Amino acid sequence: IHFETPPGDRWELSLKRAIDISVSLLMLILLSPFLALIALMVRLISGSPILFKQKRVGLNGRIFSLYKFRTMVKDAEEQLALLALKNEMDGPVFKMKNDPRVTRLGRFLRKFSLDELPQLCNVLRGDMSLVGPRPPVPGEVSMYERKDRRRLSMRPGLTCTWQVSGRNAVKKFEDWVKMDLEYIDNWSLGRDFLLLLKTLPVVLSGKGQ
C-alpha cells in the first residue's frame, strides 16, 4: 500500500516553482521604482529600519526570515504581550483590527497589502510561493494541535484561500486551517491561477488590511 499526502511529489510542483521564480523576478524588476518610493516614504515618515524582518515557519517546519515594509512602531514586538487580551482571533494567531502599534503610513500600506511586496524576495529565494498557506510565526506553531501541522506540508504563499474569503473577518483559527487543508488536498496549478485572479480585486479594493 502506498500512501501519499497531497499534493505529493508531482511534476506540477516543479512547474509551480518555475512560475514562482519567473513571476517574482519579473515583478521585482518592474516594481523596483515603486518599491524604492515606498522605502523612501517609510524612511522619511517612520525612520529606520525600513524593512521588518520576522522569523516564520515554512515548508515542513523550516524557519526562514520573512520581509515586509515596516508598518508598526519600532518596539511593536515588545508591546504584543500587552495587547494579547485584545486578540480578535480564536486560536493561536494574533489579529487586531485597530492595532495601536500600526503607524499612519502603515495603515495605508496594509490597506492595499503594499507592505507585503518585499516577500517577492522570499518567493524568489524559495522560502515562499505566490500561492499557499500564510506562514505562521514559531510561537503560533508551538500551540498547534497535531492536525494543524499539516498546514506546513506545502510551501507558504503570498496569498491563499483565507485572504480572498474574508481574511480578518474569519475569526476562528479552525476555519482558517480548514481552508488551508482544503487547498492542499485539492491543489492544482489552475486553482493557484484562480486564487491569484481573486486576489487582485481584493487588493485593489483596499480590503487587504
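Given the structure is predicted, the values throughout are model-derived calculations rather than measurements.

(A) Seen up close, the overall build of the protein. When you go through the protein residue by residue, the secondary structure sums to 8 helices and 4 strands. Going from the N terminus to the C terminus, the protein shows its helices and strands as α-α-β-β-α-α-α-β-α-β-α-α. Within the protein, buried positions represent 44% of all 209 residues. For the protein, restricting intrachain contacts to residue pairs at least 6 apart in sequence, the fraction spanning at least 24 positions comes to 70%. Just so you have it, the protein exposes about 11,700 Å², and 62% of that area is on carbon and sulfur atoms.

(B) Spatial organisation of the pairing of strand β2 (residues 63-69). Counting buried residues in β2 gives 5 out of 7 residues, a clear majority hidden from the surface. Where strand β1 (residues 51-57) folds back onto β2 in an antiparallel hairpin, the turn is made up of 5 residues, including N60, whose phi is positive at roughly 60 degrees.

(C) Structural context of the side chain of S46. Secondary-structure assignment places S46 in helix α2 (residues 32-46). With residues near it in sequence (within four places) discarded, S46 still touches M41, R70, K74 and T103.

(D) Local environment of the nonpolar core. Counting 35 residues, the largest nonpolar core has I38, L109 and Y183 as its most contacted members. At the level of secondary structure, the elements contributing two or more residues to this core comprise α2, β2, α4 (104-111), α5 (119-125), β3 (129-131) and α7 (173-185). If we skip the residues at most four places from it in the chain, Y183 touches K16, V131, G132, P133, M154, T161, R191, D192 and L195.

(E) Layout of unusual backbone geometry. Put simply, S48 and P49 share a cis peptide bond, and its omega is 0 degrees. Not every positive phi belongs to a glycine, and S113 is a case in point at roughly 55 degrees. Residue placement: S113 occurs in the loop between α4 and α5.

(F) Representation of the pairing of β1 in the model. As defined by bridge partners, β1 adjoins β2 across 7 bridges and the pair is classed as antiparallel. Within the sheet, the bridge partner assigned to R56 lies in β2 and is F64.

(G) Highlighting the side chain of K68. Position of K68 among the secondary structure elements: in strand β2. D115 provides the closest opposite charge to the buried, salt-bridge-free K68, at an N-O distance of 4.3 Å. Leave out the neighbours within four places in its chain, and K68 touches I50, L51, F52, R56, D115, E116, P118, Q119 and R134.

(H) Looking closely at helix α1 (residues 11-30). With 20 residues, α1 extends 29 Å between its outermost C-alpha atoms, agreeing within 8% with the 28 Å of an ideal straight helix rising 1.5 Å per residue. Residues of α1 that are buried include every one of E12, K16, R17, D20, S24 and L28, and no others. Buried residues of α1, viewed axially, fall in a sector of 145 degrees; they line one side. Away from its buried face, by an angle of more than 90 degrees, α1 presents the exposed residues W11, S14, I29 and L30. Residues of α1 that are buried make contact with α2, α5, β3, α7 and α8 (189-204).

(I) Local environment of the packing of aromatic side chains. In total, this model carries 2 aromatic pairs according to the counting rule given. Ring geometry for W162 and W176: centres 4.2 Å apart, planes at 15 degrees, overall stacked. Pair noted here: W162 is in the loop between β4 (157-159) and α7 and W176 is in helix α7, with a separation of 14 residues, a long-range link. Using a relative accessible area of 2% as the deciding quantity, one classes W162 as buried. With a relative accessible area of 6%, W176 lands in the buried category. The cationic tip of K111 hangs over the ring face of F112; the distance from NZ or CZ to the ring centre is 6.0 Å. Its guanidinium or amino end placed over the ring of W176, R151 lies 5.5 Å from that ring's centre, counting from NZ or CZ.

(J) Spotlight on the pattern of salt bridges. In the structure shown here, the tally under the stated rule is 11 salt bridges. Linking K147 and D148 is a salt bridge whose minimum nitrogen-to-oxygen distance equals 3.3 Å. Residue D148 is classed as buried on the basis of its relative accessible area, which comes to 5%. Ionic pairing is found between E174 and K178, a salt bridge with its closest N-O pair at 3.8 Å.

Rules used in this analysis
Residues numbered from 1 in each chain as written. Predicted model: local features only at pLDDT ≥ 70, side-chain atom pairs only at ≥ 80, totals over all residues. Heavy atoms only, no water. Helix = DSSP H or I, 4+ residues; strand = E, 2+ residues; numbered from the N terminus. Buried < 20%, exposed > 50% of the residue type's maximum accessible area, 1.4 Å probe, protein only. Contact = heavy atoms within 4.5 Å. Areas by Shrake-Rupley, 256 points an atom, 1.4 Å probe, with all protein chains shown as cover. Pairing = 2+ DSSP bridges. Core = buried A, V, L, I, M, F, W, Y, C linked by side-chain atoms within 4.5 Å. Lys, Arg positive; Asp, Glu negative; His and termini not counted. Salt bridge = Lys/Arg side-chain N within 4 Å of Asp/Glu carboxyl O. Expected span 1.5 Å × (residues − 1). Arc of directions from axis to C-beta. Phe/Tyr/Trp six-rings, centres within 6.5 Å; stacked < 30°, edge-to-face > 60°. Lys NZ or Arg CZ within 6 Å of the ring centre and 35° of its normal.

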